Amino acid sequence: MYKIWAIFRKDLIIEFRTKDSLTSMLFFGIVVLVIFNFALGSLHETIRSAVPGVLWVAFTFSGTLGLNRLFAAEKENGCLQGLLMIPADRGAIYLGKMLASFIFMLIAEAVIFIIGLVLFNLTVWAEIPYLLLVFVIGTLGFSAVGTLLSAIAVNTRLREVLLPLMLFPVILPILISAVEATDIILNAADYRALKLPLTIMTAFTILFGTISCLLFERVLEE
Amino acid sequence: MIEVRNLAKHFGRFSALRNLNLTVSDGDFISLFGKNGAGKTTLLRILAGLSRPSSGELYIKPSRQAPSRFIRGRIGYLSHDTSLYMDLTALENLRFYARLMDVPANAPALSERMKQVGLSGRERDPVRSFSRGMQQRLAIARAFLHDPDILLLDEPFTGLDSSGGDFFKDYLASARAGGKTCIMAIHDFRLGYEIADRLVVINGGTIALDIPKSSLNYEQFHEKLKHLLA
Amino acid sequence: MSEKSQPRMDIVLGLILFVGMPVALYMALIGAPTEKTMGDLQRIFYFHVPAAITGLTAFALNFVASLMYLLRKNRWWDSLALGSAELGILFFGMVLITGPIWAKPVWLVWWTWSPRLTASFILCLLYAAYLLIRKSFEDPDRKAVIAAVFGVIAFIDAPLVWFSIRWWRDIHPSPMLETGGLAPSMRPALGICVAAFLILFLYLLRRRFYLETMRNKVEWMMRRIDEV
């Protein structure tokens with residue numbers, strides 16, 4: 001357990017020292033928002049219904065950028081090898097890396113979200129707790145699969161190209177549900193409809209979290 | 001005790017190891033010689049549990065199967081790569097690995113380790129600022145933080161200057177006195193001969209020669225090695 | 001599939017197909033009664049549905065083979081997984097081609113993002129990614145492991161895709177096999193077409209599997225040559 005924490009802390013320290021991932025994630029996410037702002041410029045009345053989709057596209061793109069970097073530091077000096085030699089279940093490595101990608105994404109999402117509110121002129125004080133719930137579960141599911149696929153991609157020739165090709169079709173269920181849930185929160189009066197998307201998101205996260213944790217070792221062994 | 005039976009490792013059409021048999025008793029100090037691509041690194045990686053053999057059996061007693069998490073705690077593997085994080089300081093690197101290896105991670109204990117490898121005073125410098133030789137010293141401290149019984153070394157003298165080399169020879173001598181087992185891939189014939197008490201030559205992915213050092217003096221061994229690797 | 005029985009069994013299957021395919025074609029195009037409202041257009045249904053059934057069977061087989069490879073680590077399962085993924089895409093490609101041909105005159109659009117269409121499309125994307133992964137690893141053993149991992153993920157993902165878009169309004173005709181809405185006079189034609197497609201799948205799978213086995217054998221022989 002504390003080993004998971006140690007791996008996570010190490011990633012956090014490196015990130016706050018270099019700021020490699022977060023800056024690129026934030027920059028990219030904000031650029032996506034700006035592009036959508038231009039693309040949807042003429043739809044001022046209906047902008048609120050476009051926001052969920054725009055937000056999650058921005059989150060996904062910036063998250064993918066983060067995942068591309070996730071194992072970069074581990075590859076540089078063969079650090080992954082050092083991690084694989086530790087006397088612990090290798091699932092702990094997975095969980096530590098997943099936690100790191102989850103937190104980085106959540107930080108990026110928070111900033112992108114706030115900037116999105118400003119850019120799209122939204123006021124959402126009352127909805128924030130619900131939105132937070134959706135963001136947390138959605139991001140957790142995203143990094144659950146993303147960490148495993150990132151570990152696969154980092155060992156290939158295509159690397160940055162392969163990751164989105166594998167990732168996007170797989171995360172589609174959680175992405176669609178997250179957009180739907182966000183839409184219900186922002187645009188519908190009845191929050192009971194949240195139950196279905198939230199159930200799918202939770203199921204996705206638990207299912208793929210477990211599978212990834214079990215298969216992670218097989219992916220790294222040569 | 002390590003026992004390897006009929007070990008083979010293929011990478012598609014290329015076989016890195018084939019039909020390799022090796023029995024290592026506790027306390028053996030083995031130097032592994034061979035040309036580049038002979039399979040030395042592959043063998044060490046399989047012994048370390050980083051790579052799965054394509055076929056064959058591998059026992060690291062008391063375990064009956066391939067290296068598990070418990071066996072991993074007894075193995076120290078020093079590879080070509082230093083496995084150090086460039087953006088962390090030397091001390092942070094050691095502390096991180098100490099936590100993962102269940103070793104006391106307090107600053108005095110780790111500073112002592114730094115001193116052993118001749119790096120005291122550099123604890124708070126990022127590894128990026130280290131020379132290759134210093135990185136190798138730190139990598140040595142890192143790989144053996146948990147005082148493993150089995151040392152797997154892949155060209156450990158790479159990058160070390162003469163004082164670093166002397167230090168590491170002393171380190172190995174004390175490990176040998178402490179009854180540790182060691183398998184070391186090395187390209188320097190004389191150095192390898194000097195350190196080991198058993199000489200193993202790998203050629204074409206299989207054991208070509210396996211003799212105790214006492215059976216040949218260095219000149220005889222050198223002749224034989226040149227002949228084998230020609 | 002032992003090597004000796006390979007050609008003989010394939011000849012038998014080939015002969016069945018040689019006779020069966022024209023029969024299936026006859027039944028679909030001439031034998032079956034013309035549908036009341038859509039007319040002859042409905043006949044595409046006899047290709048669309050069997051292809052979908054075969055494609056789903058192929059993906060399910062890929063899942064089983066991937067799982068077995070992870071458990072057994074035998075190349076046999078990997079070859080099976082590869083063959084079924086490729087054929088799954090082939091047959092689902094047929095579904096995605098025949099669908100719009102039918103949809104254009106009936107729905108007046110080639111494509112609509114209805115759940116069934118979306119899910120089929122995503123399924124194809126998932127297995128296209130599977131084949132891409134196979135292309136990006138050189139070492140066959142590594143490739144097999146990673147592909148098997150992704151095969152398992154893809155198949156588990158499929159029902160989640162389906163549930164996540166289920167609430168979308170679906171204008172796709174509901175599966176008549178489930179609802180029993182298919183006229184009894186149309187059933188024989190559909191049955192024969194499904195059987196013909198499944199046999200075709202089996203035949204192609206065996207051929208693909210055979211090719212892959214040959215490749216593995218060549219790989220093994222090249223290693224032997226190196227060693228000698």
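Residues numbered from 1 in each chain as written. Chains lettered and ligands numbered in written order. Predicted model: local features only at pLDDT ≥ 70, side-chain atom pairs only at ≥ 80, totals over all residues.

### Section: the overall build of chain C
- On a plain count of helices and strands, chain C comes out with seven helices and zero strands.
- Projected onto its principal axes, the C-alpha positions of chain C cover 70 × 40 × 25 Å. (Helix = DSSP H or I, 4+ residues; strand = E, 2+ residues; numbered from the N terminus.)

### A word on the interface of chain B and chain A
- Facing the 26 residues of chain B at the interface are 23 residues of chain A.
- Looking at the side of chain B that touches chain A, the elements that each hand over two or more residues are α2 (69-72), β5 (75-78) and α3 (90-100) of chain B.
- Ranked by residues supplied to the side of chain B that touches chain A, first place goes to α3 of chain B with five residues.
- A per-class count over the side of chain B that touches chain A returns 13 nonpolar, five polar and eight charged. (Contact = placed C-beta atoms within 7 Å. Nonpolar A, V, L, I, M, F, W, Y, C, P; charged D, E, K, R; others polar.)

### Focus on helix α7 (residues 128-153) of chain A
- The terminal C-alpha atoms of α7 of chain A lie 35 Å apart, and with 26 residues this matches the ideal 38 Å at 1.5 Å per residue to within 8%.
- In the structure, α7 of chain A departs most strongly from a straight axis at Gly146 of chain A, where the bend amounts to approximately 25 degrees. (Expected span 1.5 Å × (residues − 1). Bend = angle between axes of the 7 residues up to and from the residue.)

### Quick word on the interface of chain C and chain A
- Taken residue by residue, the interface counts 24 residues in chain C and 22 residues in chain A.
- Broken down by element, the side of chain C that touches chain A gets its largest block of residues, 13 residues, from helix α5 (residues 140-164) of chain C.
- Classifying every residue of the side of chain C that touches chain A gives 20 nonpolar, two polar and two charged.

### Examining the nonpolar core
- Membership of the largest hydrophobic core comes to 201 residues, with the highest contact counts inside it found for Met166 of chain A together with Leu152 of chain B.
- The greatest single-element share of this core, amounting to 15 residues, is contributed by helix α8 (residues 162-187) of chain A. (Core = buried A, V, L, I, M, F, W, Y, C linked by C-beta atoms within 7 Å. Buried ≥ 20, exposed ≤ 12 C-beta atoms within 10 Å, placed from the backbone.)

### Structural notes on the sheet that holds strand β4 (residues 55-60) of chain B
Residues and elements named next belong to chain B.
- The strand order across the open sheet built from three strands is β2-β1-β4, with neighbouring strands paired in antiparallel fashion. Strand pairing shows two members of the sheet lacking a second neighbour, β2 (14-24) and β4, which therefore form its edges. Within this sheet the neighbouring strands show an average axis-to-axis angle of 20 degrees, counted without direction.
- Relative to β4, strand β1 (residues 2-11) runs antiparallel, the two being bridged by five bridges. Across the sheet, the residue bridging to Glu3 is Tyr59, located in β4. (Pairing = 2+ DSSP bridges. Axes fitted to C-alpha atoms, helices over the stretch in contact; angles between N-to-C directions.)

### Thoughts on the confidence of the model for chain C
Residues and elements named next belong to chain C.
- Residues at a pLDDT of 70 or more form 92% of chain C, whose mean pLDDT is 87.
- For chain C, the element scoring lowest by mean pLDDT is helix α6 (residues 176-179), at 54; helix α2 (residues 45-72) scores highest, at 94.
- Two summary scores accompany this predicted model of the complex, namely pTM at 0.90 and ipTM at 0.90. (pLDDT = per-residue confidence, 0-100.)

### Details of the packing of α3 of chain B against helix α5 (residues 132-143) of chain B
All names here are of chain B.
- Between α3 and α5, the shortest axis-to-axis distance is 10 Å and the interhelical angle comes to 20 degrees. As far as their axial angle goes, α5 and α3 are roughly parallel. Viewed along their axes, α3 and α5 form a crossing whose handedness is right-handed. Across the interface between the two elements, Ala90, Asn93, Leu94 and Tyr97 from α3 touch Leu138, Ala141 and Arg142 from α5.
- Residue composition of the contact of α3 with α5, grouped by class: five nonpolar, one polar and one charged. (Parallel < 35°, antiparallel > 145°, perpendicular 65-115°, else oblique. Left-handed = near helix turned anticlockwise from the far one by under 90°.)

### So, the environment of Pro53 of chain B
Residues and elements named next belong to chain B.
- Looking at where Pro53 falls in the secondary structure, it is placed in the loop between α1 (40-48) and β4.
- Between the C-alpha atom of Pro53 and that of Lys180, which follows or precedes it by 127 residues, the distance is 25 Å.
- The residues contacting Pro53, other than those within four sequence positions of it, are Leu7, Ala8, Lys9, Ile46 and Leu58.

### Brief notes about the sheet that holds strand β9 (residues 206-212) of chain B
Residue and element names in this part refer to chain B.
- Strands sit in the order β5-β6-β7-β3-β8-β9 across an open sheet of six strands; the sheet is mixed. Both outer strands of the open sheet, β5 and β9, are each paired with one neighbouring strand and no more. Across the sheet, the axes of successive neighbouring strands diverge by a mean angle of 15 degrees, strand direction being ignored.
- Strand direction decides the pairing type here: strand β6 (residues 150-154) and strand β7 (residues 181-185), joined by five bridges, are parallel. Looking at the pairing, Leu151 lines up with Cys182 of β7.

### Observations concerning unusual backbone geometry
- Although it is not a glycine, Asn19 of chain B adopts a positive phi angle of roughly 50 degrees.
- Structurally, Asn19 of chain B can be placed in strand β2.
- The exposure class of Asn19 of chain B is partly exposed, given the 15 C-beta atoms found within 10 Å.
- Phi at Lys73 of chain C is positive, roughly 60 degrees, even though this residue is not glycine.

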